Amino acid sequence: MNKATLENNKSKIINAWKKDTKSLLIFSCLWLFIISFIAFIVNLGNIGLMDKTEPMFVEAARQMVITGDWVTPYWNGETRFDKPPLTYWLVGLSFQVFGVNEWGARVPSALAAISVVILGFYTLKKFGFSRAKETTKTSTKLWFSAWIGAAIIALNPFWIGWGRTGVSDMFLSSGIALASLSFFLGYGYSETSSRSYFGLSASRWWYIAYWVFMALGVLAKGPVALVLPGLTVIVFLVYVGRFIEVVKETPWLLGIGSFLLISVPWFVLVTLEHGQEYIDTFFGLHNVQRFTSVVSRHPGAWYYYFPVIMVGLLPWSIYLPLAIAKLRIWQRQKWVNSSRTTHLGIFCLCWFLVVLIFFSSSVTKLAGYVLPLMPAAAIMIALFWSEQVETKSEESSGVWSFLFLLSGIANVGILLGLGIASFSSHQLIGEDAMMPQFKELLQASNLAVKGGIIWSSAAFSCLLFLFFRNYRRWLWVANLLGFLAFFSWVGLPVAKIVDNQRQLPLRELSTIVKTERQPEERLAFLGFMRPTLVFYTQDVVDSVTEADIDNGPALDYFQQTDSPDTVLIISEQKYLNKLGLQKSDYSLIKQEGVYKLIRVSKQIVIDRYESR
């Protein structure tokens with residue numbers, strides 16, 4: 001059988017599969033299930049809560065369940081007005097279904113992350129055109145855009161990390177992403193679909209969903225969930241010259257009514273109950289002050305988020321600059337004159353830039369602030385790869401081909417660097433007092449070697465693809481398989497080692513506290529507070545910081561007379577030394593890792609402290 005015959009048979013098989021929509025749909029469902037299961041579900045509850053933010057959200061949710069107060073969040077005996085209630089509500093409901101455990105705490109975040117993967121897939125399947133005026137992309141190419149887009153949204157460090165953590169960041173980011181994608185679906189369907197459901201067109205339903213998801217985002221983290229999608233839509237519509245058109249076709253009454261109905265009632269209830277205290281804490285400290293001044297010692301330069309994005313979206317971020325350039329934003333007139341169905345890429349660029357510029361303007365900077373732009377970046381990269389796959393080698397030439405080659409070389413370099421770093425991790429990792437045996441355990445597990453082999457193999461595969469020009473468009477396969485292999489076979493086991501070293505000692509001491517604690521006896525933690533103790537002891541834990549010991553408030557704490565004469569303390573040895581305590585002064589109940597659980601007379605602490 002000659003080569004021409006083989007190619008002809010291959011073409012027949014592919015064409016037959018293209019026409020089999022049922023098979024494409026089944027494959028797509030299986031694909032979404034596999035990538036979502038690996039990224040967000042596998043071993044989700046196998047490690048404990050991680051200090052410091054996660055246990056604060058989770059414990060506040062547990063308090064809502066046990067008190068029945070679903071309006072006011074409480075943590076460690078105090079009101080917690082940092083964030084609105086959606087995270088607490090969802091985690092609390094999950095506790096009622098799955099029980100109070102790590103799985104129950106994290107599955108709402110996982111489902112929120114998965115929902116963006118699914119809607120991103122759907123949007124790309126409908127409107128995954130990579131160029132202005134492009135309307136001839138075949139159905140199969142749209143399927144491919146959707147497959148690769150869903151994979152990039154799901155399989156990157158940031159989306160996985162926050163999708164596996166019971167905090168508000170994923171609910172805000174998924175709210176913004178779902179709102180943004182819903183808007184674009186409404187925008188696109190207004191030109192392509194005349195279907196009606198319950199008296200409203202498909203386009204109008206998606207526009208309403210835009211407001212609904214913004215409302216949920218506001219309930220997750222505040223007004224920023226309204227500001228960012230709103231600015232994105234305005235910038236996009238002004239750029240493509242469709243502002244007036246969309247204003248006229250938007251169901252404003254239903255949209256705004258849905259937004260107000262969902263988002264406003266809780267804010268009214270909590271304000272009526274707590275008044276100025278809530279307004280000052282939430283709107284003042286956690287919104288206005290975070291934007292205008294440095295809060296919690298988190299400053300950053302104007303370029304802070306550039307390396308954050310590149311690391312958070314690895315290995316795909318290597319192609320992000322080229323994906324953005326390929327949109328040719330400078331050719332505005334082409335976008336203005338093109339069909340709405342081709343505008344997904346430029347819409348995602350507006351989304352990306354709005355989030356980036358907004359948080360770069362904020363004085364307080366945290367890596368997680370740019371999580372909402374990750375789906376936009378992923379979709380732009382997916383559109384780029386979709387175009388590469390459908391471009392024949394003889395058509396790929398000129399400056400774009402050269403830039404693609406440079407990106408591919410950088411891809412090999414980054415993967416090779418990750419491989420070398422994995423092989424050398426025992427030399428690169430510094431000493432950590434919280435994880436005294438981590439380096440030895442990592443070396444004994446051979447996980448670093450596995451990681452080095454995986455990344456080096458991925459780099460070698462990319463090099464081969466680069467060498468054979470006809471196969472450069474398949475570079476994404478090496479990145480996908482490399483990331484999946486590393487995350488599954490190295491990342492998850494390493495997370496378990498870190499948990500056993502850093503968090504397990506605190507969980508074990510918390511279990512002992514439940515049996516050792518005497519009625520009304522106080523429990524204090526010396527040093528930097530570990531909120532996991534509050535969740536796992538399921539009781540109030542007093543915090544005595546190093547500054548309290550140095551400056552005097554620690555003495556005031558031990559001089560309190562409203563509790564028994566003894567106090568339980570969990571602490572590292574260095575803080576006991578700072579109090580002036582000798583081993584003979586206290587009863588050592590248990591030591592786990594670097595932490596000691598002791599019982600000591602408050603009077604002894606006072607005497608030793610004053611005689612230091």
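Just so it is clear, the model here is predicted, and its values are computed rather than measured. Along each chain, numbering runs from 1 in the same order as the chain's sequence is written. In keeping with the predicted nature of the model, local features appear solely for residues at pLDDT of at least 70, side-chain atom pairs appear and are counted solely at 80 or more, and the whole-chain, interface and lining totals rest on all residues. Side-chain metrics in this entry use all non-hydrogen atoms of the structure; hydrogen atoms and water are not considered.

Engineer: Residue-level account of helix H22 (residues 447-467), with values.
Structural biologist: Only DSSP runs of H or I covering at least 4 residues are called helices, and only runs of E covering at least 2 are called strands; the numbering of each starts at the N terminus. To estimate how far a helix should extend, the number of its residues minus one is multiplied by 1.5 Å. Between its first and last C-alpha, H22 extends 30 Å over 21 residues, near the 30 Å set by a 1.5 Å rise per residue. In this scheme, a residue with accessible area under 20% of its type's maximum is buried, one over 50% is exposed, and one in between is partly exposed, where area comes from a 1.4 Å probe on protein chains only. Three or more residues of H22 are buried, namely Leu-447, Ala-448, Gly-451, Gly-452, Ile-454, Trp-455, Ala-458, Ala-459, Cys-462 and Leu-466. Looking straight down H22, one finds that the buried residues subtend no more than 165° of arc, so they occupy a single side. Exposed residues pointing more than 90 degrees away from the buried face of H22 are listed as Phe-460 and Phe-467. The criterion used for residue contact is that any of the two residues' heavy atoms lie within 4.5 Å. Against helix H19 (398-423), helix H20 (425-428), helix H21 (438-445) and helix H23 (475-502) lie the buried residues of H22. What the arc covers is the set of directions going from the helix axis to the C-beta atoms.

Engineer: Residue-level account of the pairing of strand E9 (residues 595-601), with values.
Structural biologist: The element E9 is largely enclosed, with a buried count of six among its seven residues. Strand pairing is defined by DSSP finding a minimum of two bridges between the two strands. Two elements, strand E7 (residues 566-571) and E9, share six bridges in a ladder whose sense is antiparallel. Bridged to Thr-566 within E9 is Ser-601. Pairing between strand E8 (residues 586-592) and E9: six bridges, direction antiparallel.

Engineer: Give me the lowdown on the pattern of salt bridges, citing residues and values where you can.
Structural biologist: Definition used for salt bridges: Asp or Glu carboxyl oxygen within 4 Å of a side-chain nitrogen of Lys or Arg. As enumerated under the stated definition, the model contains 16 salt bridges in all. Where Asp-539 meets Arg-517, a salt bridge forms, and the shortest distance between an N and an O atom there is 3.2 Å. Of this pair, Asp-539 sits in the loop between helix H25 (532-537) and strand E6 (542-544) while Arg-517 sits in the loop between helix H24 (504-516) and strand E5 (522-526), and the two are 22 residues apart along the sequence. The salt bridge partner of Arg-599 is Glu-521, with a shortest N-O separation of 2.9 Å. Here Arg-599 is found in strand E9, whereas its partner Glu-521 is found in the loop between H24 and E5, with 78 residues between them in sequence. Each member of the pair, Arg-599 as well as Glu-521, carries the same accessibility label: buried. Residues joined by salt bridges that share partners form a network here, namely Glu-245, Glu-249 and Arg-340.

Engineer: An account of the nonpolar core is needed here, citing residue identities and associated values.
Structural biologist: Among the nonpolar cores identified, the biggest contains 127 residues, and Phe-40, Leu-155, Trp-159, Phe-183 and Phe-236 are the most heavily contacted of them. Per-element accounting of this core gives the leading share, 13 residues, to helix H8 (residues 169-192). When near neighbours in sequence (up to four residues on either side) are disregarded, Phe-40 contacts Ala-110, Ala-113, Ile-114, Val-117, Ala-154, Trp-159, Ile-160, Gly-163 and Arg-164. The definition of a nonpolar core used throughout is a set of buried Ala, Val, Leu, Ile, Met, Phe, Trp, Tyr and Cys residues joined through side-chain atoms within 4.5 Å. Counting residues in each nonpolar core, the second largest holds 26 residues, with Phe-438, Ile-454, Leu-533 and Val-534 among its members.

Engineer: Account for the sheet that holds E9, naming residues and giving values.
Structural biologist: Taken together, five strands build an open sheet; the order of strands is E6-E5-E7-E9-E8 and the sheet is mixed. One side of each edge strand has no neighbouring strand; the edge strands of this open sheet are E6 and E8. Across the sheet, the mean angle from the axis of one strand to that of its neighbour is 25°, orientation sign disregarded. Packing of helix H29 (residues 602-610) onto the sheet brings it into contact with E7 and E9, and relative to E9 it is tilted by some 100°. Each axis is a line fitted through C-alpha atoms, taken for helices only over the stretch in contact, and angles between the N-to-C directions span 0 to 180 degrees.

Engineer: An account of the environment of Leu-314 is needed here, citing residue identities and associated values.
Structural biologist: Mapped onto the elements of the fold, Leu-314 is located in the loop between helix H14 (305-312) and helix H15 (320-326). Setting aside its immediate chain neighbours within four residues, Leu-314 contacts Asn-156, Pro-157, Ile-414 and Phe-483.

Engineer: Lay out the packing of aromatic side chains in plain terms, naming residues and giving numbers.
Structural biologist: Any pair of Phe, Tyr and Trp rings, taking the six-membered ring for Trp, is counted once the centres come within 6.5 Å. Such a pair is stacked with planes under 30 degrees apart, edge-to-face with planes over 60 apart, and tilted for the rest. All told, the structure shown has 41 aromatic pairs when counted by the stated rule. A centroid spacing of 5.7 Å and a plane angle of 45° characterise the contact between Phe-184 and Tyr-187, whose relative ring orientation is tilted. Of the two residues, Phe-184 and Tyr-187 are both situated in helix H8; the distance of three residues between them amounts to about one turn of the helix. As far as burial versus exposure is concerned, Phe-184 and Tyr-187 are alike and both buried. Ring geometry for Tyr-319 and Phe-404: centres 6.3 Å apart, planes at 55°, overall tilted. With Tyr-319 in the loop between H14 and H15 and Phe-404 in helix H19, this residue pair connects regions lying 85 residues apart in the sequence. Across the pair, exposure class does not vary: Tyr-319 and Phe-404 are buried alike. Comment: the charge-over-ring label is applied if NZ (Lys) or CZ (Arg) is within 6 Å of the ring centre and within 35 degrees of the ring normal. For Lys-125, the ring lying beneath its charged end belongs to Trp-143, and the centroid distance is 4.8 Å.

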